[in-house]
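An overview of the molecular structure
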Amino acid sequence: MNLAAHDARRRWSRLRPSFDVKINFILSLGIAILIAVGTLAYRSIETLVETGRSEARTYLGLERLEAYISSLRNAVAAQRKYLLTRGSNELLAYSEARAQVERELHGLRAQTTDTEQLKRLSDLQVSVNARLQVLDSAIVAKLRGDTARAINLLVSPYTNDLDARIDALSADFRERELRSLGSRRSDTGLSADTSSFLIT
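All values reported here derive from a predicted model rather than from experimental measurement.

Rules used throughout
Residues numbered from 1 in each chain as written. Predicted model: local features only at pLDDT ≥ 70, side-chain atom pairs only at ≥ 80, totals over all residues. Heavy atoms only, no water. 1 Å grid on protein atoms, 1.4 Å probe; cavity = no way out; pocket = protein on both sides within 12 Å on 5 of 7 lines; lining within 4 Å. Points joined across faces, edges and corners; volume = space filled by probe spheres on them. Helix = DSSP H or I, 4+ residues; strand = E, 2+ residues; numbered from the N terminus. Contact = heavy atoms within 4.5 Å. Axes fitted to C-alpha atoms, helices over the stretch in contact; angles between N-to-C directions. Parallel < 35°, antiparallel > 145°, perpendicular 65-115°, else oblique. Nonpolar A, V, L, I, M, F, W, Y, C, P; charged D, E, K, R; others polar. Expected span 1.5 Å × (residues − 1). Patch = residues over 30% accessible without salt bridge, like charges linked within 9 Å, V, L, I, M, F, W, Y side chains within 5 Å. Areas by Shrake-Rupley, 256 points an atom, 1.4 Å probe, with all protein chains shown as cover. Salt bridge = Lys/Arg side-chain N within 4 Å of Asp/Glu carboxyl O. Buried < 20%, exposed > 50% of the residue type's maximum accessible area, 1.4 Å probe, protein only. pLDDT = per-residue confidence, 0-100.

Moving on, we come to the layout of surface pockets. To find leftover empty space, one rolls a probe the size of a water molecule over the atoms. Space inside the largest pocket adds up to approximately 250 Å³. Within the residue set of the lining of the largest pocket, elements represented by two or more residues are helix 2 (19-85) and helix 6 (157-199). Here the lining of the largest pocket gets 5 residues from one element, more than from any other, and that element is helix 6.

If you want it as structure tokens, here you go:
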């Protein structure tokens, strides 16, 4: 019986992993966990950096949009001032403001990469160009001495509709940018929370 027990113990000891094998397994498992946590932390930091860049692009795009709309408003104000005073300085100010609208559009278009936003921007550009044509027509009417036509162009329902459409399109563009930014921030927050949970 003693011999049988000794034999069973020897067979069991051959099947049972040695202390060195256990240590190597535990160390390998620890290294694998550290590599996994390090990889997740790296990806989280990478996502955070990309979100920061994306946020900067978004705010720059919104700034460009505001500059574009502001330059249009400046052109409208300069045109109205010219219609009231008929001064050459006001006509020059209108021409400069009108040129600024085009420059701001190019800057905004260069800043926009999303295809849906580019479509919104194209729609906005069509409306702004139509509004600029109304401004030009009023100036031409005033230059020809047709003040009544110039005034009618200023207060026409078409002009009011264009202004409302421009406001709606720019608000839609702005809202889409901010919604996209919020989504990216949320994804980054989730990634950071997951990484910090794994690390702690």
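From this point, the narrative continues.
The next point concerns the environment of Val101. Within the secondary structure layout, Val101 lies in helix 3 (residues 88-111). It is 7.9 Å that separates the C-alpha atoms of Val101 and Ile69, two residues lying 32 residues apart in sequence. Excluding residues that lie within four positions of it along the chain, Val101 makes contacts with Tyr68, Ser71, Leu72, Val128 and Leu132.

Once that is clear, we can look at the packing of helix 3 against helix 4 (residues 115-143). Relative orientation of the contacting elements helix 3 and helix 4 amounts to 170°, with a least axis distance of 11 Å. One way to sum up the angle between helix 3 and helix 4 is to call them roughly antiparallel. Note on element contacts: helix 4 touches helix 3 through Leu118, Leu121, Ser122, Gln125, Val128, Asn129, Leu132, Leu135, Asp136 and Ile139, opposite Leu91, Tyr94, Arg98, Val101, Glu102, Leu105, Leu108 and Arg109. Split into classes, the residues belonging to the contact of helix 3 with helix 4 amount to 11 nonpolar, 3 polar and 4 charged.

This next bit is on helix 4. Along its 29 residues, helix 4 runs 41 Å from first to last C-alpha, staying within 8% of the 42 Å computed at 1.5 Å per residue. Directly beyond the C-terminal end of helix 4, a positive phi value near 90° is found at Gly145.

A surface patch of nonpolar side chains, amounting to about 430 Å² of accessible area, comprises Phe25, Ile26, Leu29 and Ile33. Checked against the element boundaries, Leu29 lands in helix 2. Note on Leu29: relative accessible area 45%, which makes it partly exposed.

On to the confidence of the model for the protein. Looking at the protein, pLDDT values average 85 and 85% of them are 70 or higher. The weakest mean pLDDT in the protein belongs to helix 1 (residues 2-15) at 64; the strongest belongs to helix 4 at 92.

This part is about unusual backbone geometry. The backbone of Arg86 sits at a positive phi, close to 60°, despite the residue not being glycine. Of note, Arg86 is situated in the loop between helix 2 and helix 3.

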